[in-house]
Amino acid sequence: MNLEELFPYSSFREGQRDLTDSVYESCKNGSRLVVEAMSGFGKTAPVLTGAILAAEEDDNRIIYTCRTKRQVFRVMEEIERIQRKTPLSTTYLFAKNDYCLLKEMSRFPVSQESFKWYCSFNVTNNLCSYFMNISLMNKEVNSLVKEFSSSVRSHSKFLDTCRSTHVCPYEVARLAIANSRVVVTTYHYIFDEASRSILLNNGRWTPAETIVVIDEAHNLRDFMRDASTTELSFAEIELAIKDSRELYMERIESSLVEILRSLSDFCAKNTSWYVEKNSLIEKISGSHDATWLPNIAFELSTCSGVAWQSIATGKNLPTSITRVGDFLRALLSSPGLERTVVAKSDRAMFLIDTDTSSRFLGLVRDYKSLVLLSATINPSDLFLRSIGLDERTRIHKVNPNQTFQARTIIDTGVSTRFKMRTSEMFRKLTGKISAICGAVRGGVGIFVPSYSMLESLRPLLLDLGKSRNLLVEARSLGNAESEEIMRSFKSTPGSVLLAVQGGRFSEGEDFPGEQMDASVVVGLSLPPPSPTMYAEYTQSGFGKHDAYLVISLLPALRKAIQSAGRHMRSPDKRGLVFFLDSRFDDREIIEMFPAWLKQDLHEGDFQRQEIEQMVRDFAL
Ligand code: SF4
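These lines cover the structure that appears in this document, whether it is placed above or below. Everything quoted here is computed from the prediction, not taken from an experiment. Numbering of residues starts from 1 in each chain and follows the order in which that chain's sequence is written. Given that this is a predicted model, residues contribute local features only at a pLDDT of at least 70 and side-chain atom pairs are listed and counted only at 80 or more, while totals for whole chains, interfaces and linings are drawn from all residues.

**Some remarks on the overall build of the protein chain**
A run of DSSP states H or I qualifies as a helix once it reaches four residues; a run of E qualifies as a strand once it reaches two. Both are numbered from the N-terminal end. Looking only at helices and strands, one finds 29 helices and 18 strands in the protein chain. Here the C-alpha atoms of the protein chain give a radius of gyration of 26 Å, agreeing with the 25 Å that 2.2 N^0.38 yields for 620 residues. If one aligns the C-alpha atoms of the protein chain with their principal axes, the spans along those axes are about 75 × 65 × 50 Å. Every one of the 620 residues in the protein chain was classed for burial, and the buried ones make up 44%. If you take every contact in the protein chain between residues at least 6 apart in sequence, the share linking residues at least 24 apart comes to 80%. Computation of the radius of gyration draws on C-alpha atoms, with the globule rule given as 2.2 Å multiplied by the number of residues to the power 0.38. Our exposure labels follow a C-beta count within 10 Å of each residue's own C-beta, placed from the backbone: buried means 20 or more other C-beta atoms, exposed means 12 or fewer, and partly exposed covers the counts in between. The contact criterion used is a C-beta to C-beta distance within 7 Å, with each C-beta placed from the backbone.

This is how it looks when you write it as structure tokens:
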């Protein structure tokens, strides 16, 4: 089979064949490749095609990682198309919690934090028949594994099949990994030390025989930084004290009271955000001998007796206690780690591993090939340096001349800059948003910088809901609620979506065709100053301006660009993009915009009539 035969569509779009070749070559010669392809270009099919052919020829395996579960399903849709042309063993893998059938029958809703203990308790005590059947029903399990890896089916259908056979779906998925040429999963199976062994120890392929593809790679630095930051709030220690009291753990309770007192005292006497690790450890240890703190930290973090007691008596584990233990253990192992910094704020302590790039390189070093995908890595040299990749890394930029028909409007009359968030500014912002929604007939996506901004704007936009189907993202939406919002938006022409930049609807959710005609990016989501940011700035190793770009500006700009491009999903699409913040009207920022956002650019403080005129002129 060759690349043309494997490609899941009848022909390549402009640029797709070059990308397929590029990925194929990198996977064959074991190099690192960064692909920048604008949103809507259709990069998944060429990347899969190039990587799969190379992997088949050299008997390698592909691990394709995405940021979210929704993105995993998007990749599986392309794989299903490839499977129609050729047999291809493929498995997707989520967290165990997403598969558990036993918890459906639990007397109490099992929290995510308690799930590890819940599963372990039931498996160890032979209380999970779904697990026991994995070894008892060899023939049925083998046939399920074969079925699961040879054809793509929806997650709910897969769970239904396992439910009717009465076997644990997670164990079936884990067994399917062993012989799957392609495994599609989320970031944490590659970047989480505890989870990655599940992939690495399952299967006949070594890392040197594995090709790793990382989607939405512009998120990598932030993802690595967040994953290597441990936070402990004073409120959490207070909760741990209360929880241990309720569980009659008197010794633990008195130790926690002592730890909280020492920490509060230490913070009151030290005004800087920076905390000297050894002094902090000394302060918490007080007059106890050197074994006291490590012993308490171990006891709190494992807390196994309490965990089992909780699960056995039908309660969730009080995770506040284990969280205090995890922080103390990380603190105790940090003094030898130069780049691990302890910082504090008024409400919490933070332990931050600032050496993001070394951690990233350490985790991907042994793989044969690495393919990073993004719609926005500009400036690419800074992107490479921010995750520790050197100039030998190949960059494939999809022809920037191939573009959508987009009109971009930067409105300089408003800003969400913290100091400017007055009621007058909110009034101006809502005036401009309602002018846009009044002029655009099709769907509109409004993307704000934070949930607090969303909550402030929401009541001011209620009038919109009288004439349009107004849908609003909430802080912790479940999958079912998100799907309902998307179903309603996509099935009701002219809907308006109010969502957060960097949230679940601004990345990985596409609005093709006529579903959305305009995106409105309200404000630049620069992160507010924080102790973790100070720690990153001081340890980043970048010059002042580059550090500002890598740590603050580029992450905010990428969120804005991702939001702006939600509706630009195919080369023939016409669409409007509004940036409502004067900070976007800056040469350095505009330079970093992708080409399609610069082709028809208008800047100014536009009044309602001007907005309406610009929309009419563009004639959607
Ligand atoms: S073994 Fe499977 S079904 Fe049983 S508790 Fe664990 S995840 Fe749930």
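**Thoughts on the pairing of strand β15 (residues 496-500)**
The buried count for β15 comes to 5 of 5 residues, which makes it a mostly enclosed element. Neither face of β15 is exposed, since Val496, Leu498 and Val500 on one face and Leu497 and Ala499 on the opposite face are all buried. Taken together, the 3 bridges between strand β14 (residues 470-472) and β15 define a ladder with parallel strand orientation. Opposite Leu470, over in β15, you have Val496 as the bridge partner. Paired strands, in this sense, are two strands between which DSSP finds at least two bridges.

**Side note on the sheet that holds strand β9 (residues 348-353)**
Taken in spatial order, the 4 strands make up an open sheet running β6-β9-β8-β7, and their pairing is antiparallel. The open sheet has two edge strands, β6 (229-233) and β7 (274-275), and neither has a second partner. Here β7 pairs with strand β8 (residues 340-344) via 2 bridges, running antiparallel. Each residue of the ladder has a partner; that of Tyr274, found in β8, is Ala343.

**A closer look at the environment of Cys303**
Looking at the element boundaries, Cys303 is found in the loop between α16 (292-302) and α17 (304-312). Sequence spacing of Cys303 and Thr322 is 19 residues, and the spatial spacing of their C-alpha atoms is 6.5 Å. The residues contacting Cys303, other than those within four sequence positions of it, are Ile321, Thr322 and Gly325.

**Structural notes on the sheet that holds strand β16 (residues 518-522)**
Pairing between the strands of a sheet comes from backbone hydrogen bonds, and it takes one of two forms, parallel or antiparallel. If you trace the 7 strands from one edge of the open sheet to the other, you get β14-β15-β13-β16-β17-β12-β18, paired in parallel fashion. Of all strands in the sheet, those with a lone pairing partner are β14 and β18 (601-604), marking the two edges. Adjacent strand axes in the sheet meet at a mean angle of 15 degrees when their direction is disregarded. Interaxial angles span 0 to 180 degrees and are taken between N-to-C directions of axes, which are lines fitted to C-alpha atoms, for helices over the stretch in contact. Strands β13 (444-448), β14 and β15 of the sheet are contacted by helix α22 (residues 451-460), whose axis makes an angle of about 145 degrees with β15.

**Overview of the site of the ligand**
Nearness rests on one distance test: the residue's C-beta atom, set from the backbone, must lie within 6 Å of the molecule or strand. The full set close to the ligand counts 13 residues, and Cys100, Cys119, Cys128, Phe131 and Cys168 are the nearest of them. For the shell around the ligand, the secondary structure elements donating two or more residues are α5 (112-124) and α6 (129-136). Looking at the shell around the ligand element by element, the count peaks at 3 residues for α5. Under the scheme applied here, ten amino acids are nonpolar (Ala, Val, Leu, Ile, Met, Phe, Trp, Tyr, Cys and Pro), four are charged (Asp, Glu, Lys and Arg), and all others, including Gly, are polar. For the shell around the ligand, a count of residues per class yields 11 nonpolar, 1 polar and 1 charged.

**A closer look at the environment of Ala564**
With respect to the element layout, Ala564 can be found in helix α26 (residues 544-564). Along the sequence, Ala564 and Arg608 sit 44 residues apart, while their C-alpha atoms lie 21 Å from each other. Setting aside anything within four residues of it in sequence, one finds Ala564 in contact with Ser519, Val521, Val577 and Leu597.

Any link to function would need more than the numbers given here.
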